[in-house]
Amino acid sequence: MEEITIVQNGYDAAYMSYLYTRVKERFSFLPATCRMEKQGDCYRIGFSTQKEYCPYVRKFAEENIADVLSVGYKTRFFQRRLRIPLLDEQEKSLLITALVAADYKDDKTHVFRKLRGLKNYCLDGVYNFCLGDLKKRWEGVADYVPTDMNADALDEFIGYLVEDGEGKAFLKSGKVYDEDYRPLTKSALTGKASAVGEILLSGVERVYCFGDTDRQTQAFLKKYYQEKAVFC
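One structure accompanies this document, and this report is about it. Note that the coordinates shown come from a computational prediction; the quantities given were computed from them, not determined experimentally.

### Looking at the overall build of the protein chain
On a plain count of helices and strands, the protein chain comes out with nine helices and eight strands. Since a compact globule built from 232 residues should have a radius of gyration of about 17 Å, the 19 Å found for the protein chain is in line with a globular shape. Over its C-alpha atoms, taken along the principal directions, the protein chain stretches across nearly 55 × 40 × 30 Å. Across the 232 residues in the protein chain, those meeting the buried criterion constitute 46%. In the protein chain, once contacts between residues fewer than 6 apart in sequence are set aside, the share between residues at least 24 apart is 67%. Accessible surface, the protein chain: about 12,500 Å² in total, of which carbon and sulfur atoms supply 49%. In the protein chain, 35 side chains carry a positive charge and 35 a negative one; their mean positions are 5 Å apart.

Below, the structure written as structure tokens:
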């Protein structure tokens, strides 16, 4: 048996719970042991499995750790850094999610490369000591956002993201799925799971909605996606 260990200090358990659930559910068919425990301010996840399965578990774990850092940690970075008094809390949250989504693919690729070759993973260690170039880029983005940004500028930015989108997503019963009908869950890393957040983070050009759609999501799609949102 081999063990993959993930540890985190100084944050609540939300990110670790996300990782634990994602990896455990994905490999529930394997002869594996999964556990999560708290020791003081430190959370620890251990995945033990047979040696031949370990590379698959490790790669999937690294992909999801990369999501935690490039979505979750980046969201907190902007929440602390940005001061935008003309936007209300909902608009500010939408802006931050859009900023995270704008460079999501590049950020995740960068983080994933930093994770390769590690035997075990300390989220805070990787963030604090391995992502200096990435955080400098985030700082540049934060500096570019004007303090007097208003709702009209936010609409323009989100419109640009939608125009630059690729592929399609499916929305059913409040859940968003990718083109292969796999459920998307990254919006939980922004602090609040939502269909709107998931759609933004997916970076898609079109959204196909089946069944009832809640008012907030429907208003978002009609405003920004317009004819690119299809209600079935």
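### Details of the sheet that holds strand S6 (residues 175-177)
Ordered by their spatial adjacency, four strands build an open sheet running S6-S5-S7-S8, and the pairing between neighbours is mixed. Whereas interior strands pair on both sides, the edge strands pair on one side only; in this sheet they are S6 and strand S8 (229-231). Within the sheet, the average angular offset between the axes of one strand and its neighbour, ignoring direction, is 20°. Here strand S5 (residues 168-172) runs beside S6; their pairing, made up of three bridges, is antiparallel. By the bridge assignment, Lys172 is partnered in S6 with Lys175. Across the face of the sheet, helix H8 (residues 195-202) comes into contact with S5, S6 and strand S7 (206-210) while running at roughly 15° to S6. Relative to S8, helix H9 (residues 215-225) is tilted by about 135°, and along the sheet it contacts S5, S7 and S8.

### A word on the pattern of salt bridges
Applying the stated rule across the entire model yields 16 salt bridges. Notably, a salt bridge pairs Arg35 with Glu3, separated by 2.6 Å at the nearest N-O pair. Note that Arg35 is positioned in strand S2 (residues 32-39) and Glu3 in strand S1 (residues 2-9), a separation of 32 residues in sequence. Residue class for Glu3 comes out partly exposed when judged on its relative accessible area of 26%. Salt bridges sharing partners connect three or more residues here, namely Glu3, Arg35, Glu37 and Arg44.

### Regarding helix H1 (residues 14-26)
Taking 1.5 Å per residue as the helical rise, H1 with its 13 residues ought to reach 18 Å, and the 18 Å between its terminal C-alpha atoms agrees with that figure. Along H1, the residues classified as buried are Tyr15, Met16, Tyr18, Leu19, Tyr20 and Val23. Of the surrounding elements, those touching the buried residues of H1 are S1, S2, strand S3 (42-49), helix H2 (54-81) and helix H5 (123-130).

### A look at the nonpolar core
The biggest cluster of nonpolar side chains holds 72 residues, and the ones touching the most others in it are Ile6, Phe78, Ile158, Phe220, Leu221 and Tyr225. The leading source of residues in this core is H2, at twelve residues. Once residues within four sequence positions are removed from consideration, Ile6 is found in contact with Met16, Leu19, Tyr43, Arg44, Ile45, Phe47, Ile65, Tyr121 and Leu123.

### Brief notes about helix H4 (residues 104-115)
Taking 1.5 Å as the rise per residue, H4 with twelve residues should run 16 Å; its terminal C-alpha atoms sit 16 Å apart, in good agreement. One or two residues past the end of H4 sits Gly117, with phi positive at roughly 95°.

### What about the packing of aromatic side chains?
Taken as a whole, this structure holds twelve aromatic pairs when the rule is applied. Here the aromatic rings of Phe170 and Tyr208 are separated by 5.9 Å at their centres, their planes lie at 35°, and the arrangement is tilted. Highlighted residues: Phe170 in strand S5 and Tyr208 in strand S7, separated in sequence by 38 residues. A residue is classified by how much of its surface remains accessible, and Tyr208, at 24% relative accessible area, is partly exposed. Three or more aromatic residues link up through ring pairs in this structure, and these residues are Tyr15, Tyr73, Phe77, Phe78, Tyr127 and Trp138.

### Observations regarding the environment of Asn120
By the element assignment, Asn120 lies in the loop between H4 and strand S4 (121-122). Look at Asn120 and you get partly exposed, because its relative accessible area is 36%. With 47 residues separating them along the chain, Asn120 and Gly167 place their C-alpha atoms 34 Å apart. If sequence neighbours within four positions are ignored, Asn120 has contacts with Glu3, Ile4 and Thr5.

Rules used throughout
- Residues numbered from 1 in each chain as written.
- Predicted model: local features only at pLDDT ≥ 70, side-chain atom pairs only at ≥ 80, totals over all residues.
- Heavy atoms only, no water.
- Helix = DSSP H or I, 4+ residues; strand = E, 2+ residues; numbered from the N terminus.
- Rg over C-alpha atoms; globule rule 2.2 N^0.38 Å.
- Buried < 20%, exposed > 50% of the residue type's maximum accessible area, 1.4 Å probe, protein only.
- Contact = heavy atoms within 4.5 Å.
- Areas by Shrake-Rupley, 256 points an atom, 1.4 Å probe, with all protein chains shown as cover.
- Lys, Arg positive; Asp, Glu negative; His and termini not counted.
- Charge placed at Lys NZ, Arg CZ, Asp CG, Glu CD.
- Pairing = 2+ DSSP bridges.
- Axes fitted to C-alpha atoms, helices over the stretch in contact; angles between N-to-C directions.
- Salt bridge = Lys/Arg side-chain N within 4 Å of Asp/Glu carboxyl O.
- Expected span 1.5 Å × (residues − 1).
- Core = buried A, V, L, I, M, F, W, Y, C linked by side-chain atoms within 4.5 Å.
- Phe/Tyr/Trp six-rings, centres within 6.5 Å; stacked < 30°, edge-to-face > 60°.

Interpretation in functional terms is not warranted from these geometric data alone.
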